Amino acid sequence: MEPIALLIAASLNAGTVLAIAALGLLINEKAGIVNLGAEGMMLCSALAGFAAVVHTGSGLAGFVAGMAAGAILAAVFGVLVIWLNTNQYATGLALSLFGGGLSAFAGARYVKASLPEQPSFAIPILSDIPFLGSAFFRHHPMVYVCIFLVLGLIWFLYRTRAGLVLRSVGESPESAHALGYPVRRIRLLAVVVGGALCGLSGAYVSTVYTPLWVEGMIAGKGWIALALTTFATWRPARVLLGAYLFGGVTMLQFHLQAIGVNVASQFLTMMPYLATIVVLVLISRNPTWIRVNMPSSIGKPFYPGS
């Protein structure tokens, strides 16, 4: 049973990376903005978080630095697409490429750097329960923070006036504008918050998930997080479940190799991305389902007074 517990624990850890980033992208898309720059933002945030921990020794400083880096890049993206009405898809791709290049250039000096030893985490009493303790109660606090973020976002979107306004901006920005809501400012705020969450995910990767810095270490996780929003039909709880599913697929390759399953390593490495493609193809077979759940103005510019 212990190998199964370890696989569950690893899946939760890997899923946390995807879930936090996907929640940020979901907030963007609920406001009608598609940000394809998640990969670049996460890379820059991973570098910022890693550098902050190297220089301060504080894991909290790493998370703050990562969130700040993600928020700044998202703010630049937001100004371009919301105020200057640049194409959201092209601008997002440019941000992704820019983030990859900037992180590679600025991170060269940190490739051989190492982080201070991190403390181990365990919930007293619960962590001693056979099987359950190893699977669920010996994780970094950010794993549990992720679950509370999902619950908080569900409450915000569907139980508060501010959440209703955010969803209305994504569904019908013209109507929200006619009611006196500052659509552009609301969208920019959503983009910045979403960028901060992508930044938190990136910092988690470089300081906890794989505590080191190497060029391109996000390795497509930003794109998988983007696909998760569609997979989850823009519902926070489904984002979390989908993230754990993809996290499990990612970790399964290592466990299969550990128990000696004779499968080509290249095939195991591509499993998470293959699973992403398969899921998106299956979902796309029912366009009505996507159309009913997708924010109506997603990816479309807003022109006040039009």
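So, here's what we can say about the structure. (Residues numbered from 1 in each chain as written. Predicted model: local features only at pLDDT ≥ 70, side-chain atom pairs only at ≥ 80, totals over all residues. Heavy atoms only, no water.)

This next bit is on the environment of Glu29. Here Glu29 is to be found in helix α1 (residues 2–30). C-alpha of Glu29 to C-alpha of Gly170: the two residues are 141 residues apart in sequence and 7.2 Å apart in space. When residues no more than four places from it in sequence are discounted, the contact partners of Glu29 are Val34, Leu226, Thr229, Trp234, Pro295 and Ile298. (Helix = DSSP H or I, 4+ residues; strand = E, 2+ residues; numbered from the N terminus. Contact = heavy atoms within 4.5 Å.)

In this model helix α4 (residues 88–106) runs 26 Å from its N-terminal to its C-terminal C-alpha over 19 residues, within 8% of the 27 Å that 1.5 Å per residue would give. The set of residues buried in α4 consists of Gln88, Thr91, Gly92, Leu95, Ser96, Gly99 and Ser103. One face of α4 carries all of its buried residues, which in axial projection span an arc of 145°. Exposed side of α4, more than 90 degrees from the buried face: Leu97 and Phe105 are the residues found there. Its buried side turned inward, α4 meets α2 (38–56), α3 (59–83) and α10 (221–231). (Expected span 1.5 Å × (residues − 1). Buried < 20%, exposed > 50% of the residue type's maximum accessible area, 1.4 Å probe, protein only. Arc of directions from axis to C-beta.)

Take helix α6 (residues 141–159) next. Residue pairs spaced three or four apart in an α-helix point in one direction, given the helix's 3.6 residues per turn. Given a rise of 1.5 Å per residue, 19 residues ought to cover 27 Å, and the 26 Å separating the end C-alpha atoms of α6 matches this to within 8%. Met142, Val143, Cys146, Val150, Leu153 and Leu157 are the residues of α6 that are buried. End-on, the buried residues of α6 take up no more than an arc of 105°, which puts them together on one face. Opposite the buried face of α6, at more than 90 degrees from it, the exposed residues are Phe148, Trp155 and Arg159.

The next subject is the nonpolar core. Ranked by internal contacts, the top residues of the largest apolar core, which has 77 residues, are Leu166, Cys198, Tyr204, Tyr209 and Trp213. When residues of this core are assigned to their parent elements, the largest contribution, 13 residues, is made by α1. Not counting residues up to four positions away in its chain, the partners in contact with Leu166 are Ile27, Lys30, Ala31, Phe156, Leu157, Ile186 and Ala190. (Core = buried A, V, L, I, M, F, W, Y, C linked by side-chain atoms within 4.5 Å.)

Residue placement: Thr229 occurs in helix α10. Look at Thr229 and you get buried, because its relative accessible area is 0%. At 3.4 Å, the side chain of Thr229 forms a polar contact with the side chain of Glu29. At 2.7 Å, the side chain of Thr229 forms a polar contact with the backbone oxygen of Leu226. Residues in contact with Thr229, not counting those within four places in the same chain, are Ala22, Leu25, Leu26, Glu29 and Trp234. (Polar contact = N/O pair within 3.5 Å; in protein donor to acceptor, adjacent residues only side chain to side chain.)

The next point concerns the packing of aromatic side chains. Enumeration according to the criterion identifies three aromatic pairs in this entry. Plain terms: the ring middles of Phe136 and Phe137 are 6.4 Å apart, the flat faces sit at 65° to each other, and that makes the pair edge-to-face. Summarising the aromatic geometry, the rings of Phe231 and Phe246 are spaced 5.7 Å apart at their centres and angled 70° between planes, so their arrangement reads as edge-to-face. In this pair, Phe231 is assigned in helix α10 and Phe246 in helix α11 (residues 236–258), connecting sequence segments 15 residues apart. Here Phe246 falls in the buried class, since its relative accessible area comes to 3%. (Phe/Tyr/Trp six-rings, centres within 6.5 Å; stacked < 30°, edge-to-face > 60°.)

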